[in-house]
Amino acid sequence: MTGKLAPGQPVAFEYELFEDDPDHLRTVVATSNRTTAWIDPAALKLRHRIGRGPFGEAWLATHHRSTEDYSEFHEVAVKMLHPVKENHMRLLLEKLDDLFSKCQGLEGVCWLQGISVISGKICIIMKFYEGSVGDKMSHLKGGKLSPLNVFRYAVNLAQGIVKLHSKGILILNLKPFNFLLNENDQAVLGDVGIPYLLLGIPLPSSDLARRLGTPNYMAPEQWQPEVRGPISFETDSWAFACSIVEMLTGVQPWRGRSVDDIYDAVVRKQEKPHIPNGLPPAVENVLLGCFQYDFRSRPLMIDILCVFESLQNSVDSDGGWIGLGSRILPDKPSSGYTEWFLSKDELKVGDMVRSRKPPNSFKPENMDVPEGKVVGLEQSTERDSFVLVRVHGIHDPLRVHVSSLERLTFGLAAGDWVRLKEEDKRHSPVGILHSIGRDGSVAVGFIGLETLWKGQSSELQMAESYSVGQFVRLKANVLSPRFEWPRKRGGVWATGRISRVLPNGCLVVKFPGRLTFGEQCSNFLADAAEVVVVNFSICPGMIKKYQHLEDLHWVVRPLLIALGIFTAMKMGIFIGKRVRGSNSKVKQQQGSVIQKDGQHVDGSQVASNPAWLPLSVANMLFKEGTNASTAG
């Protein structure tokens, strides 16, 4: 029975827990330090299951509420999560408690009524909604919505997501069947971040442990967030775009593919869902941005909301676009970064700045602004902004485009490689700075962490940077690396070439010096803290230089062998010709001598110098000379 709680009063409740055998339950008492809408499981009557997902089941239930003055029965939806172990039950309840308090009164988010535990499973009780966007699509011809409804629902949902993001909540499970419809045909979020709550809590299935979301809508970093992540607000941008594409086309992304096939397409091959033709350029541009492999290059949800809000009146009742003109996509920034990447940090007067290096560049560049201070802002158009930068040693301020500058705070800028001064064994000490506030607060991506590490700039120091194209190998003192790494002949670590740098500093390395066949793995991962850069100039001695030359490509060794054989053959032929030429000249000289002395040939004379003639000729002449002297 529901009761009233005094503000700040701890909530104590009992629940039955089973671990392996559901027939043997035991009572566990849990206490929450935060006031919550705890609902007595006896007040809930489950009627029938209405859905099943990767993290639990959805049930239709009746909630009996009664006091001294009234008694009511309400239809509610119960999200029953998979069971977790006792030592993680309290942690999950605390997370749900915090989530419940943050979601109260948020527009565009489903109405949460309380939390309970039934049969050892944590349950979230929420308002029952009659249907979802996915249900509506399933009843339409072709399974797709009109552009007018897609844009309207997109604005409803984006508003709710922006509010949850402002509270620090990631959803990670956006899809049409989780977009519920209220009585006014407005879309509300039916999932308030269950996968995000389960981060760090062991799941009952090893397959679930591999992912946190629904595979068809998952971003690349969402499959292995501690390795390829971390997950961030931009992770939801990918799933949101997948949902918009499905609502427009009626086709689920990667429909009909297995989980392994989707993983292979999204993570390894970097494939993207197909965007339909005929969309307004601004919508097409934002969807393309949402499908960027590196989440730092995707738009934030506030950017997506602005695009759809600006185009709400651009769709007529027949689904056509009004007054959009010719199809021209916005120009790509010349810096090599996406416009969404560049728009995440606006410059202000007084900021310290420096020239932005091209992405994935390890070569030293000539910096127009090694370090300067912004003294003025100038904006001619929405996408064409300049700032005035005062640089030491130059009298007049420089007028520089904002896309070519990055903010420098306490000596650090977003994208810098950093190292923790005090290492934590739970994750790599080397990572990439995701953002830095003007007050020194930082967010860093580290291998081993599923989310961004939060701290202060004083806890960090600059680290050696790595870029695509560099050759690296494991350090000699690394005996047990974080990731598998191949060895060369003799047991030494092989040298590979960086093909990609992930946002948390994880290096994707290929080994062009190794010839692979079929399904053999050609890509390996590496922790930047465990590798060292290798190049031709620093290899000591000719042997090391040759070994590095072999690492450039597997064809180098057979090519050098073939070249050596070819050279040897050519030299052999050349020497053979010289020898034959010398022998022919000797024969000619010997023939002329014989002709000159042919009138009187002395056998003893020929025998005294046989080395100048072939052995057979010398023997013959010797015999002839002997016979002649005997006859005389």
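Residues numbered from 1 in each chain as written. Predicted model: local features only at pLDDT ≥ 70, side-chain atom pairs only at ≥ 80, totals over all residues. Heavy atoms only, no water.

1. Remarks on the overall build of the protein chain
Phase 1: Within the protein chain one finds 16 helices and 25 strands.
Phase 2: Sorting the 632 residues of the protein chain into buried and exposed places 45% on the buried side.
Phase 3: Intrachain contacts of the protein chain at a sequence separation of at least 6 include 59% that bridge at least 24 residues.
Phase 4: Carbon and sulfur atoms provide 53% of the accessible area of the protein chain, an area that totals close to 34100 Å². (Helix = DSSP H or I, 4+ residues; strand = E, 2+ residues; numbered from the N terminus. Buried < 20%, exposed > 50% of the residue type's maximum accessible area, 1.4 Å probe, protein only. Contact = heavy atoms within 4.5 Å. Areas by Shrake-Rupley, 256 points an atom, 1.4 Å probe, with all protein chains shown as cover.)

2. Topic: the sheet that holds strand β16 (residues 417-420)
Phase 1: Read from one edge to the other, the open sheet built from five strands follows the order β19-β18-β17-β16-β20, with strand pairing classed as antiparallel. The sheet is open, and its two edges are formed by β19 (453-456) and β20 (460-462), each paired on a single side. Shown here is a sheet whose adjacent strand axes are inclined to one another by a mean of 50°, direction ignored.
Phase 2: In the sheet, strand β18 (residues 441-446) pairs with β19 via four bridges, with the strands oriented antiparallel. What sits directly across from V444, in β19, is W453. (Pairing = 2+ DSSP bridges. Axes fitted to C-alpha atoms, helices over the stretch in contact; angles between N-to-C directions.)

3. Comments concerning the nonpolar core
Phase 1: Ranked by size, the top nonpolar core spans 94 residues in total, and within it F240 and F308 carry the most contacts.
Phase 2: Once residues within four sequence positions are removed from consideration, F308 is found in contact with F151, A154, V155, F240, I244, V283 and V286.
Phase 3: One finds L474, A494, I498 and V533 within the second-largest nonpolar core, a separate group that totals 21 residues. (Core = buried A, V, L, I, M, F, W, Y, C linked by side-chain atoms within 4.5 Å.)

4. Overview of helix α11 (residues 301-310)
Phase 1: Of the residues making up α11, those classed as buried are M301, D303, I304, L305, V307 and F308.
Phase 2: In this structure, the buried side of α11 is in contact with α3 (147-166), α8 (233-249), α10 (281-290) and α12 (339-342).

5. Re the packing of aromatic side chains
The geometry of an aromatic ring pair is captured by the separation of the ring centres together with the interplanar angle, meaning the angle of the planes.
Phase 1: For the structure on display, the rule yields nine aromatic pairs.
Phase 2: Seen in terms of ring centroids, F151 and F308 are 5.3 Å apart; in terms of plane orientation they differ by 80°. Their pairing is edge-to-face. Of this pair, F151 sits in helix α3 while F308 is found in helix α11, placing the two residues 157 residues apart along the sequence. Neither F151 nor F308 differs from the other in exposure class; each is buried.
Phase 3: Aromatic pair F240 and F308: ring centres 6.3 Å apart, planes at 80°, arrangement edge-to-face. Pair noted here: F240 is in helix α8 and F308 is in helix α11, with a separation of 68 residues, a long-range link. Per residue, the accessibility class of F240 equals that of F308, and both read buried.
Phase 4: Ring pairing ties together the aromatic residues F151, F240 and F308, which thus form one cluster.
Phase 5: The side chain of R356 reaches across the aromatic face of Y337, ending 5.3 Å from its centre.
Phase 6: When the ring centre of F386 is taken as reference, the NZ or CZ atom of R399 above it lies at 3.8 Å. (Phe/Tyr/Trp six-rings, centres within 6.5 Å; stacked < 30°, edge-to-face > 60°. Lys NZ or Arg CZ within 6 Å of the ring centre and 35° of its normal.)

6. Let's talk about the packing of α3 against α11
Helices that pack against each other are described as a pair by the angle of their axes relative to one another and the distance between those axes.
Phase 1: Relative orientation of the contacting elements α3 and α11 amounts to 155°, with a least axis distance of 9 Å. Relative to α11, the element α3 is oriented roughly antiparallel. Relative to α11, α3 is oriented so that their crossing is left-handed. For the pair formed by α3 and α11, the contact residues are F151, A154, V155, A158, Q159, I161, V162 and H165 on the first element and M301, I302, L305, F308 and E309 on the second.
Phase 2: Considered class by class, the residues forming the contact of α3 with α11 number 10 nonpolar, two polar and one charged. (Parallel < 35°, antiparallel > 145°, perpendicular 65-115°, else oblique. Left-handed = near helix turned anticlockwise from the far one by under 90°. Nonpolar A, V, L, I, M, F, W, Y, C, P; charged D, E, K, R; others polar.)

7. Quick look at the pattern of salt bridges
Phase 1: This structure, assessed with the given rule, holds 23 salt bridges.
Phase 2: Between K344 and E234 there is a salt bridge; the shortest N-O distance is 2.7 Å. Placement of K344 in the loop between α12 and β11 (352-355) and of E234 in helix α8 is noted, with a sequence separation of 110 residues between them. (Salt bridge = Lys/Arg side-chain N within 4 Å of Asp/Glu carboxyl O.)

8. Considerations on unusual backbone geometry
Phase 1: Cis peptide bonds are those with omega within 30 degrees of zero, and the linkage from G229 to P230 qualifies with 5°.
Phase 2: Relative to the helices and strands, P230 is located in the loop between α7 (225-228) and α8.
Phase 3: For S119, which is not glycine, the phi dihedral falls at a positive 55°.
Phase 4: Residue placement: S119 occurs in the loop between β6 (112-118) and β7 (121-127).
Phase 5: What makes S119 partly exposed here is its relative accessible area of 46%.
Phase 6: Located in the positive-phi region is D185, a residue other than glycine, with phi close to 60°.
Phase 7: Among the secondary structure elements, D185 is positioned in the loop between β9 (179-181) and β10 (187-189).

9. Points about a nonpolar patch on the surface
Phase 1: A surface patch of nonpolar side chains, amounting to about 300 Å² of accessible area, comprises I561, I565 and M569.
Phase 2: You can see I561 is positioned in helix α14 (residues 556-596).
Phase 3: Note on I561: relative accessible area 46%, which makes it partly exposed. (Patch = residues over 30% accessible without salt bridge, like charges linked within 9 Å, V, L, I, M, F, W, Y side chains within 5 Å.)

10. Topic: the pairing of strand β12 (residues 372-379)
Regular strands place side chains that alternate from one sheet face to the opposite one.
Phase 1: For β11 and β12, the ladder comprises two bridges, and the chain directions are antiparallel. Within the sheet, the bridge partner assigned to V353 lies in β12 and is G372.
Phase 2: Bridge analysis of β12 against strand β13 (residues 385-391) gives seven bridges, and the strand direction is antiparallel. In the sheet register, K373 faces β13, and the bridge partner there is R390.

11. A word on the sheet that holds strand β24 (residues 523-527)
Phase 1: A sheet is described by the order of its strands in space; here five strands give the open sequence β24-β23-β22-β21-β25, paired in antiparallel fashion. Taken across any chain shown, the strands that pair with only one partner, and hence form the sheet edges, are β24 and β25 (531-534). Ignoring strand direction, the axes of neighbouring strands in this sheet form an average angle of 50°.
Phase 2: Pairing of strand β21 (residues 471-474) with β25, which is carried by four bridges, proceeds in the antiparallel orientation. Across the sheet, the residue bridging to R473 is V532, located in β25.

12. Thoughts on helix α9 (residues 259-268)
Phase 1: Buried within α9 are the following residues: I262, Y263, A265, V266 and V267.
Phase 2: Where α9 terminates, the next one or two residues include Q270, which has phi positive at roughly 60°.

13. A word on the side chain of D303
Phase 1: For D303, the position within the fold is in helix α11.
Phase 2: Of the side chains with opposite charge, K344 comes closest to the buried, unpaired D303, at an N-O distance of 6.7 Å.
Phase 3: When neighbours within four sequence positions are excluded, D303 is seen to be in contact with W340 and S343. (Lys, Arg positive; Asp, Glu negative; His and termini not counted.)

14. What to know about the state of the cysteines
Phase 1: Tallied over the full model, the rule gives zero disulfides.
Phase 2: Here C103 stays unpaired: no disulfide links it, and the sulfur of C110, its closest cysteine neighbor, is 7.3 Å away. (Disulfide = S-S within 2.5 Å.)

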